[in-house]
Amino acid sequence: MRKKNIYHLLAGLSFLCLTSCGNGGNNVEKKDNLKNTLLTDSSNAFIENDEITMYTLPSPMQIAGILKKSGLKYYGGLTNPIENTSKYSTGNTVSKTLGMGTYLADLSYCILNKQNEESKKYFKTCSQLAESIGLAKAFQDKNIPARMEKNMDNPDSVSKILAEIQLETDNMLEENKQNYISVLIFTGAWIETMYIGTQVHAKEKNKNVVTHIVDQISIAQNMIKALETNTSKEADVSALLKDLHQLNDMYFNFKSVKEMIATDPDVIDPTKLNISEEELTSFTKKIEEIRSQIIKG
């Protein structure tokens, strides 16, 4: 029986929102809720049998939103320059798709920080790259360009429009048996968001931002599984996978992560981790290295 791939890009939101809440509430109850959420959204997010392989990968807008709530400020010059579009348009599918992912993350970052002019530029760039990989319909149908223009200063409305684009994109790729493209887009967006988050922290030393950056690392495991499962003759991602495995291993070798796993292997609560500046610096450098390879095209 053919294996079916389901990309539920919104399912992780309940976990992300739970771990980004304040310190109120009963700690035992919060821990039980965290366990239940992990078991529902992470342990079951990768179910492999003859029929289903499902991944919990939140959208770029959701990740950027979580970091924004933690105090992630806008700094010009951190995003992938639009001028790099020419590198991707002449590159292979992997290059174009990863590049599109970075621009979707940059678009989310700009929208959430009300950088309207930059948001318009990044939306146009995403649309152009989408067209180059056969996804123009997702960005053009349902009067989407005009709606984006009209609602650019309303993050909630834009988030809904981006969700529509994501759904149409996934449907198109599912029909064409190109699910690996969805994963590559997300990977590019995830790396770009982690890059922006770590760079902002380097400027401000905001502990809340660190907590939520660490929170997002848990997504890497599902991302790696999705990339490994969805291979294509035209998509050589071996170097990317090697880097992501190294990043994931780095996280599990953080001192406080190892200590928490030793105490309770079922749950890693990012709010209770104590990541040292040295550990965060090494993580930041690895993110910079991966991101540098991506934006080269």
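Only a predicted model underlies this, so the values are computations on that prediction, with no experimental measurement involved.

### Notes on the overall build of the protein
- For the protein, the helix and strand inventory stands at 15 helices and two strands.
- The burial tally for the protein puts 51% of its 297 residues in the buried class.
- Sequence-distant contacts in the protein: of pairs separated by 6 or more residues, those separated by 24 or more amount to 75%.
- As presented, the protein carries roughly 14,000 Å² of accessible surface, and 49% of it is formed by carbon and sulfur atoms.

### Considerations on the nonpolar core
- Membership of the largest hydrophobic core comes to 76 residues, with the highest contact counts inside it found for Phe139, Met148 and Trp190.
- Element by element, the count of residues in this core is highest for helix α10 (residues 179–204), at 12 residues.

### Structural notes on the side chain of aspartate 269
- The topology assignment puts aspartate 269 in the loop between α14 (255–263) and α15 (277–295).
- In terms of polar contacts, aspartate 269 uses its side chain to reach the side chain of threonine 271, at 2.6 Å.

### Overview of the packing of aromatic side chains
- All chains considered together, the criterion is met by six aromatic pairs.
- Relative to phenylalanine 139, the ring of phenylalanine 123 lies with its centre 6.0 Å away and its plane at 45°, an arrangement referred to as tilted. With phenylalanine 123 in helix α6 (residues 116–132) and phenylalanine 139 in helix α7 (residues 136–140), this residue pair connects regions lying 16 residues apart in the sequence.
- With a relative accessible area of 7%, phenylalanine 123 lands in the buried category.
- In this structure phenylalanine 139 comes out as buried when scored by relative accessible area, which is 1%.
- Taking 5.0 Å as the distance between ring centres and 70° as the angle between the ring planes, the aromatic pair formed by tyrosine 251 and phenylalanine 252 counts as edge-to-face.
- Tyrosine 251 gets classed as buried once you look at its relative accessible area, which sits at 4%.
- Given a relative accessible area of 24%, phenylalanine 252 falls into the partly exposed group.
- Against the face of tyrosine 75 rests lysine 203, its NZ or CZ located 5.3 Å from the ring centre.
- In this structure, arginine 291 is placed above the aromatic ring of tyrosine 195, and the distance from its NZ or CZ to the ring centre is 4.0 Å.

### Re the pattern of salt bridges
- Taken as a whole, this structure holds 11 salt bridges when the rule is applied.
- Here lysine 137 and glutamate 168 are joined by a salt bridge, their closest N and O atoms 2.8 Å apart. Taken together, the residues span a long stretch of sequence, with lysine 137 in helix α7 and glutamate 168 in helix α9 (residues 155–175) at a distance of 31 residues.
- A salt bridge links arginine 147 to glutamate 164, with the shortest nitrogen-to-oxygen separation between them at 2.7 Å. With arginine 147 in helix α8 (residues 144–151) and glutamate 164 in helix α9, the pair connects residues that are 17 residues apart, well separated along the chain.

### Some points on helix α11 (residues 207–217)
- Judged by how many residues are buried, α11 sits mostly within the fold: eight of 11 residues are covered.
- Along α11, the residues that are buried comprise Val209, Val210, His212, Ile213, Val214, Asp215, Gln216 and Ile217.
- The N-cap residue of α11 is asparagine 206: its side-chain oxygen and the backbone nitrogen of asparagine 208 are 2.8 Å apart.

### Re the confidence of the model for the protein
- Scored by pLDDT, the protein comes out at a mean of 79, with 78% of its residues at no less than 70.
- In the model of the protein, helix α1 (residues 13–19) stands out as the element of lowest mean pLDDT, 31, in contrast to α15, which has the highest, 94.
- This stretch, residues 1–54, has a pLDDT under 50; its non-local contacts, to residues over four places away or in other chains, come to 99 contacts.

### Topic: the packing of α10 against helix α12 (residues 219–229)
- Two elements in contact, α10 and α12, have axes separated by 10 Å at closest approach and are oriented at 145°. Two packed elements cross with a definite hand, and for α10 against α12 that hand is left-handed. For the pair α10 and α12, contact is made by Val183, Leu184, Phe186, Thr187 and Trp190 and by Ile219, Ala220, Met223, Ala226 and Leu227, respectively.
- Considered class by class, the residues forming the contact of α10 with α12 number nine nonpolar, one polar and no charged.

### Some words on unusual backbone geometry
- You will see that lysine 114, though not glycine, has its phi angle at about 55°, which is positive.
- Of note, lysine 114 is situated in the loop between α5 (93–112) and α6.
- On the accessibility criterion, lysine 114 (52% relative accessible area) is exposed.
- Even without being a glycine, lysine 142 presents a positive backbone phi close to 60°.

What counts and what doesn't
Residues numbered from 1 in each chain as written. Predicted model: local features only at pLDDT ≥ 70, side-chain atom pairs only at ≥ 80, totals over all residues. Heavy atoms only, no water. Helix = DSSP H or I, 4+ residues; strand = E, 2+ residues; numbered from the N terminus. Buried < 20%, exposed > 50% of the residue type's maximum accessible area, 1.4 Å probe, protein only. Contact = heavy atoms within 4.5 Å. Areas by Shrake-Rupley, 256 points an atom, 1.4 Å probe, with all protein chains shown as cover. Core = buried A, V, L, I, M, F, W, Y, C linked by side-chain atoms within 4.5 Å. Polar contact = N/O pair within 3.5 Å; in protein donor to acceptor, adjacent residues only side chain to side chain. Phe/Tyr/Trp six-rings, centres within 6.5 Å; stacked < 30°, edge-to-face > 60°. Lys NZ or Arg CZ within 6 Å of the ring centre and 35° of its normal. Salt bridge = Lys/Arg side-chain N within 4 Å of Asp/Glu carboxyl O. pLDDT = per-residue confidence, 0-100. Axes fitted to C-alpha atoms, helices over the stretch in contact; angles between N-to-C directions. Left-handed = near helix turned anticlockwise from the far one by under 90°. Nonpolar A, V, L, I, M, F, W, Y, C, P; charged D, E, K, R; others polar.

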